[in-house]
Amino acid sequence: MIRILGVRVDEYDMQQSLDLIGAFVAQSGDELKQVVTINPEGVWLAQGDGELKRIIDDAALVTPDGNGVLWAARQLGTPIKERVAGIELLENICRRGAEEGWRIYLLGAKPGVADVAAQKLQEKYPGLQIVGCDNGYFRDREEQAVSCVREAKADVLFAALGMPYQEHWLYDHRRELGCKVAVGVGGSFDVLAGLVRRAPGLWQRLKLEWLWRLLSDPKRWRRYLVIPRYMRAVKKQARQN
Ligand code: UDP
């Protein structure tokens, strides 16, 4: 485990993360294992949100989502082998879940989006058991949203409510959800359903996924203001180490 600006990030690669999640699913205990996929924005949010930082510390797994996390790890002299992005982790869990009969629940995004994402996942991973879908706008029917998850007896719950809401929400309801693993996956359902296009491979390889996202949705520009501040803070931490 390493710390970027005091925030925990685990060094497991994709395969190790999947194996760990497989072990959590196989466990008989009824304690929910929370998985956080953290990007620079999340690291920055945790600077001003002590509760989020504690949730990340208490999580069962914190994966490095985002090239900015890998960049920071290198700056700090503790390089991380591989990026474990939320959407790729989701797809890999579904691939393994289809083979092993895991029960999957999709919670989040605007009405109808999780259903389309579920359909796409089932086409891609035949036999995948999706035991429930719900949108992420349930503030006026929270009890019902929680009991639907509980009754579905899912092995893995994907919560696509955006960070940090999904992390707080999963943590606050961890004893009521009745599932084994819960993974916060941000805007992944929008990508799976085709509402948002993920950066093409070349952009990803050039580490320009952030620029793609900014150009596709310029309203997000405010979010990028934190990046130079994050980079300066990481460089400062690197000098102090
Ligand atoms: N969302 C939701 N409920 C809310 C607020 C947001 O389900 O109350 C969804 C929103 O529709 C979107 C996702 O959460 O699908 C957030 O996506 P974004 O790309 O902003 O999240 P990030 O990946 O940056 O955490």
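None of the values given here were measured: they were computed from a predicted structure.

### Here's the deal with the side chain of Gln166
Move 1: With respect to the secondary-structure elements, Gln166 resides in helix H8 (residues 165-172).
Move 2: The buried category is assigned to Gln166, whose relative accessible area is 2%.
Move 3: The contact partners of Gln166, leaving out residues within four places of it in the chain, are Ala159, Ala160, Leu161, Gly184, Val185 and Gly186.

### Overview of the packing of helix H2 (residues 40-47) against helix H13 (residues 226-240)
Move 1: H13 packs onto H2 with a crossing angle of 75 degrees between their chain directions and a minimal axis gap of 10 Å. Between H2 and H13, the angle falls in the class roughly perpendicular. Residue-level contacts link Pro40, Glu41, Val43 and Trp44 of H2 to Val226, Ile227, Arg229, Tyr230 and Ala233 of H13.
Move 2: Class assignment for the residues of the contact of H2 with H13 results in seven nonpolar, no polar and two charged.

### Some words on the site of the ligand
Move 1: In the vicinity of the ligand, 17 residues are found, and the nearest of them are Ala109, Gly136, Tyr137, Asp190 and Arg223.
Move 2: Measuring from an oxygen atom of the ligand, one finds a side-chain N or O atom of Arg139 at 2.9 Å.
Move 3: Here an oxygen atom of the ligand and a side-chain polar atom of Arg223 are 2.8 Å apart.
Move 4: Relative to its free-state accessible area of 550 Å², the ligand is covered by the protein chains to the extent of 82%.
Move 5: Looking at the shell around the ligand, its residues break down into six nonpolar, five polar and six charged.

Conventions used here
- Residues numbered from 1 in each chain as written.
- Predicted model: local features only at pLDDT ≥ 70, side-chain atom pairs only at ≥ 80, totals over all residues.
- Heavy atoms only, no water.
- Helix = DSSP H or I, 4+ residues; strand = E, 2+ residues; numbered from the N terminus.
- Buried < 20%, exposed > 50% of the residue type's maximum accessible area, 1.4 Å probe, protein only.
- Contact = heavy atoms within 4.5 Å.
- Axes fitted to C-alpha atoms, helices over the stretch in contact; angles between N-to-C directions.
- Parallel < 35°, antiparallel > 145°, perpendicular 65-115°, else oblique.
- Nonpolar A, V, L, I, M, F, W, Y, C, P; charged D, E, K, R; others polar.
- Near = heavy atom within 4 Å.
- Polar contact = N/O pair within 3.5 Å; in protein donor to acceptor, adjacent residues only side chain to side chain.
- Areas by Shrake-Rupley, 256 points an atom, 1.4 Å probe, with all protein chains shown as cover.

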